[in-house]
Amino acid sequence: MPSLKPPKKPCSGFNCDILESISDGVFTVDDKWLITSFNRAAEQITGISRSQAMGRPCWEVFHSSLCESECALRHTMQSGKPVVGKTCYFVDSRGRRITVSISTSLLRNEQGEITGGVETFRDLSALESLRLQLKGGFDMGEIISHSPAMQKVLELTPAVAETSSTVLIQGETGTGKELVARAIHSLHRGREAPFVAVNCSALPDTLLESELFGYKAGAFTGAEKNKPGRFAQARGGTLFLDEIGDMSLHLQTKLLRVLQERSFEPLGAVKSEKTDARIIAASNKDLEQLLELKAFRQDLFYRINVVRIDLPPLRERKEDIPFLVDQFVERFNRLYNREVTGVDPQVLSLFMAHDWPGNIRELENVIERAFVLCRSGEIQRSHLPRELIIREHGQSAPTDLYTTKQALEAANISRALKQTQNSMTRAARLLGMHRTTLYRKMKKLGL
């Protein structure tokens, strides 16, 4: 990389008045990657003031998807070649993911010496939102859905985030419970505070207790120094207790006391410590069934079930599969530097016919596995796991996109009729269509 000299002034080589008047965000850095200028549009797009950004490393300000390995500005500074119109995202001051198009160039002084770099970025969020609306979808951070079954979740989440109420998220393994929890945290006023996650099923009782509450030096053999627990780490933020249904009754009792008194005692401590962490609990088990089996405390259930969010399994929101596939393909293209364009229609038909017991996580794993074998073009059946093809072999799975669409429409209509006790008028309203349109579709599909 050439030796760089810091610019003489923040807008060296540029007209500052012009930068302040354009709608694209612009910032410049010196040879130490410290921000030396930050225009008004950059403040508006990021939600970060100029005074907060100036003098800080650019990666601390933007948290971009390119920062770790594919920094466009670093590429320009090292190669001398500009980058034009590269799409990526960064996290703004509210914790939201903002899609942007970036371009980079070198800064030179009057002698032609390189003094730093400049990057411009254009907010594409409105275009992304419009694209999703044209497809009839809903968007909230990394949670994208086209399904009416998910609409309630996406409408409820921002309302929940405005409060500090305890939340219970129930759903099968792989349905995205932690994503919803993180979305609630990112929309909450305490989003700058930590989001701390604990998997209650991954640790035995003794370790989970010290993990949650921490311990003091000398509390037990090997405890040589104080260790803060997750409740202490999450002060002012969110503590996510995943798979709380697997927590023992003994620990449930201790957790109930913390929720009631908003204080806890680290192991070996002689006095309590306060906590103001917001609690979001999640379970892949039906906690009401565990109540009947005396495996979960009733008083704790009432304490965490202030606001409840039920996530539907992927088999009940199959209309999201094409969108999820596109999302995973885009993600793994960036991660593995591939040029995969999507999936073959027969593969999509196979996906639509599969019940996905592992839900979204299973679909993601299948796509990632396909990337091992497919470097470019469309993912074919030969790139799929053998067990997936065998499992679907012999079933009346749709074989083309038209049949897939018919099967999907039939499933949606049947589900709507079931939810409305076979009321045509209410089912049509639920599906967002006129009653006569619903009747015509049912006749065409033989329902």
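Fair warning: this is a prediction, and the values are worked out from it, not measured in the lab.

Rules of the game
- Residues numbered from 1 in each chain as written.
- Predicted model: local features only at pLDDT ≥ 70, side-chain atom pairs only at ≥ 80, totals over all residues.
- Heavy atoms only, no water.
- Helix = DSSP H or I, 4+ residues; strand = E, 2+ residues; numbered from the N terminus.
- Contact = heavy atoms within 4.5 Å.
- Core = buried A, V, L, I, M, F, W, Y, C linked by side-chain atoms within 4.5 Å.
- Buried < 20%, exposed > 50% of the residue type's maximum accessible area, 1.4 Å probe, protein only.
- Phe/Tyr/Trp six-rings, centres within 6.5 Å; stacked < 30°, edge-to-face > 60°.
- Axes fitted to C-alpha atoms, helices over the stretch in contact; angles between N-to-C directions.
- Parallel < 35°, antiparallel > 145°, perpendicular 65-115°, else oblique.
- Left-handed = near helix turned anticlockwise from the far one by under 90°.
- Nonpolar A, V, L, I, M, F, W, Y, C, P; charged D, E, K, R; others polar.
- Salt bridge = Lys/Arg side-chain N within 4 Å of Asp/Glu carboxyl O.
- pLDDT = per-residue confidence, 0-100.

**Student:** Outline the environment of Ile 45, listing residues and values.
**Tutor:** One can find Ile 45 in helix α2 (residues 40–46). It is 9.2 Å that separates the C-alpha atoms of Ile 45 and Phe 121, two residues lying 76 residues apart in sequence. With residues near it in sequence (within four places) discarded, Ile 45 still touches Ser 23, Gly 25, Phe 90, Asp 92, Ile 98, Phe 121 and Asp 123.

**Student:** How would you sum up the nonpolar core? Please name residues and give values.
**Tutor:** Core analysis: the biggest nonpolar cluster contains 30 residues, and Phe 231, Leu 239, Leu 241, Ile 244, Phe 296 and Ile 304 have the highest contact counts within it. Contributing elements (two or more residues each) for this core: β9 (195–199), α9 (205–213), α10 (230–233), β12 (238–242), α11 (249–261), β15 (278–283), α12 (287–292) and α13 (298–304). In contact with Ile 244, other than residues within four places in its own chain, are Cys 200, Leu 255, Ala 281, Ala 282, Ser 283, Leu 287, Phe 296 and Ile 304. One finds Leu 314, Leu 324, Cys 374 and Leu 384 within the second-largest nonpolar core, a separate group that totals 25 residues.

**Student:** Would you mind going over the packing of aromatic side chains in detail, with residue names and values included?
**Tutor:** Here the structure, examined in full by the defined rule, presents 13 aromatic pairs. On the basis of an interplanar angle of 50° and a centroid distance of 6.3 Å, the ring pair of Phe 27 and Phe 121 is categorised as tilted. In this pair, Phe 27 sits in strand β1 (residues 25–29) while Phe 121 sits in strand β5 (residues 114–123), placing the two residues 94 residues apart along the sequence. Assigned by exposure class, Phe 27 and Phe 121 land together as buried. Each residue in the set Phe 27, Phe 38, Phe 62 and Phe 121 is aromatic and connected to the rest through ring pairs, giving one cluster.

**Student:** Explain the packing of helix α7 (residues 148–161) against helix α8 (residues 177–187) to me, and be specific about the residues and the numbers.
**Tutor:** For the pair α7 and α8, the least separation of the axes is 8 Å and the interaxial angle reads 45°. In terms of orientation, α7 lies oblique with respect to α8. α7 and α8 meet at a crossing whose hand is right-handed. Between α7 and α8, the contacting residues are Val 153, Thr 157, Pro 158, Val 160 and Ala 161 on the first element and Val 180, Ala 183, Ile 184 and Leu 187 on the second. Its residues assigned to classes, the contact of α7 with α8 comprises eight nonpolar, one polar and no charged.

**Student:** Go over the pattern of salt bridges, please, and point to the residues and values.
**Tutor:** Enumeration according to the criterion identifies 18 salt bridges in this entry. The residue Arg 122 makes a salt bridge to Asp 24 at a minimum N-O spacing of 2.9 Å. One end of the pair, Arg 122, is in strand β5; the other, Asp 24, is in the loop between α1 (16–21) and β1, with 98 residues separating them in the sequence. For Arg 122, a relative accessible area of 48% translates into the label partly exposed. A residue is classified by how much of its surface remains accessible, and Asp 24, at 17% relative accessible area, is buried. Among the salt bridges present, the one from Asp 310 reaches Arg 308, with a minimum N-O distance of 3.3 Å. Judged by its relative accessible area of 43%, Asp 310 is partly exposed. A residue is classified by how much of its surface remains accessible, and Arg 308, at 28% relative accessible area, is partly exposed. Each of Glu 211, Lys 227 and Arg 230 takes part in salt bridges that share partners, so that together they form one network.

**Student:** Talk me through the confidence of the model for the protein; I want residue IDs and the actual numbers.
**Tutor:** Detailed reading of the predicted coordinates is not advisable wherever pLDDT falls low. Mean pLDDT over the protein: 81, with 84% of residues reaching 70 or higher. Across residues 1–13, where pLDDT falls below 50, the model places 25 contacts with residues more than four positions away in sequence or in other chains. Here residues 130–139 scores under 50 on pLDDT; set against residues more than four positions off or in separate chains, the count is 19 contacts.

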